[in-house]
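Descriptive structure summary
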Amino acid sequence: MHLFAVGFGIGLKFKKPGTMASLLTLPLCLLFIQLPILIKAIVLLLFFGICVLACKSVIDLIGYENKNKIACDEFLGMLVSVMFLNADEWFMAVAAFFVFRFYAMMHPFPISLIQKKIPPFCSVVVDDFYCGLLTALTTWVIGMIIFSNSYSAGF
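Residues numbered from 1 in each chain as written. Predicted model: local features only at pLDDT ≥ 70, side-chain atom pairs only at ≥ 80, totals over all residues. Heavy atoms only, no water.

Things to note about the overall build of the protein chain
Looking only at helices and strands, the protein chain has eight helices and zero strands in total. Since a compact globule built from 155 residues should have a radius of gyration of about 15 Å, the 15 Å found for the protein chain is in line with a globular shape. Summarising its shape, the C-alpha atoms of the protein chain cover approximately 50 × 30 × 30 Å along the three principal directions. Among the 155 residues that make up the protein chain, the fraction classed as buried is 44%. In the protein chain, 77% of the contacts between residues at least 6 apart in sequence involve partners at least 24 apart. Carbon and sulfur atoms provide 74% of the accessible area of the protein chain, an area that totals close to 8,300 Å². In the protein chain, the 10 positive side-chain charges and the 8 negative ones have mean positions that sit 8 Å from each other. (Helix = DSSP H or I, 4+ residues; strand = E, 2+ residues; numbered from the N terminus. Rg over C-alpha atoms; globule rule 2.2 N^0.38 Å. Buried < 20%, exposed > 50% of the residue type's maximum accessible area, 1.4 Å probe, protein only. Contact = heavy atoms within 4.5 Å. Areas by Shrake-Rupley, 256 points an atom, 1.4 Å probe, with all protein chains shown as cover. Lys, Arg positive; Asp, Glu negative; His and termini not counted. Charge placed at Lys NZ, Arg CZ, Asp CG, Glu CD.)

Observations concerning the packing of aromatic side chains
If you walk through the whole model with that rule in mind, you get five aromatic pairs. Where Phe4 meets Phe47, the ring centres are 5.6 Å apart and the plane angle is 85 degrees; that geometry is what we call edge-to-face. Of this pair, Phe4 sits in helix H1 (residues 2–5) while Phe47 sits in helix H4 (residues 37–62), placing them 43 residues apart in sequence. Overall, the relative accessible area of 15% leaves Phe4 in the buried class. (Phe/Tyr/Trp six-rings, centres within 6.5 Å; stacked < 30°, edge-to-face > 60°.)

Focus: the pattern of salt bridges
Taken as a whole and assessed by the stated rule, the structure comprises two salt bridges. With its nearest N and O atoms 3.0 Å apart, the salt bridge here joins Lys56 to Asp60. Placement of both Lys56 and Asp60 in helix H4 is noted, with a separation of four residues, approximately one turn of the helix. A residue is classified by how much of its surface remains accessible, and Lys56, at 34% relative accessible area, is partly exposed. We note a salt bridge from Glu74 to Arg101, for which the minimum N-O separation is 2.9 Å. Highlighted residues: Glu74 in helix H5 (residues 72–81) and Arg101 in helix H6 (residues 90–106), separated in sequence by 27 residues. Exposure remark for Glu74: the relative accessible area of 8% places this residue in the buried category. (Salt bridge = Lys/Arg side-chain N within 4 Å of Asp/Glu carboxyl O.)

A few points about the state of the cysteines
One pass over the full model with this rule turns up zero disulfides. Its sulfur unpaired, Cys29 is 13 Å from the next cysteine sulfur, which belongs to Cys51. Left unpaired, Cys55 is separated from the closest cysteine sulfur, that of Cys72, by 3.9 Å. Residue Cys55 is classed as buried on the basis of its relative accessible area of 0%. (Disulfide = S-S within 2.5 Å.)

A word on the side chain of Asp73
Of note, Asp73 is situated in helix H5. Although Asp73 is buried, it makes no salt bridge; Arg101 carries the closest opposite charge, 7.7 Å away.

Describing the nonpolar core
Judged by nonpolar contacts, the single largest core of 41 residues is most densely connected at Cys72 and Val82. Listed by contribution, the elements that provide at least two residues to this core are H1, helix H3 (17–32), H4, H5, H6 and helix H8 (120–147). With sequence-adjacent residues up to four places away left out, Val82 is seen in contact with Cys29, Phe32, Ile33, Lys40, Ala93 and Ala96. (Core = buried A, V, L, I, M, F, W, Y, C linked by side-chain atoms within 4.5 Å.)

What follows is the structure, encoded as structure tokens:
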């Protein structure tokens, strides 16, 4: 669990583990967008639960002040970012990487409020899950603007 939580070493090795974990998740995202939406939803729910358990285990061991070493939340956030993309929209998955990193660094409203109301080990996962949802919405809007009304983004 600890190895998974630190992104198989990404969180321990790199200065910017969130960016590196998100970037290394991109090939997985390209495979993920090939799946039907129901399978994606099931995978994300299971992945969310595993991330929360892994974060709790690591935070109990190393303390919340070292939460920046956790990288599994970035994997989850990136997968949420591309959840609604179709298999032929790989270019939007690449765009989602940049949008997701922007949101992950900015911590948009209401993340700070949510983080105060839930346990620390959950807040590590929930903020990137939320950023992933915002990214999915943003990439959908970008797709609508660029490709006019012909863009569906899996809907």
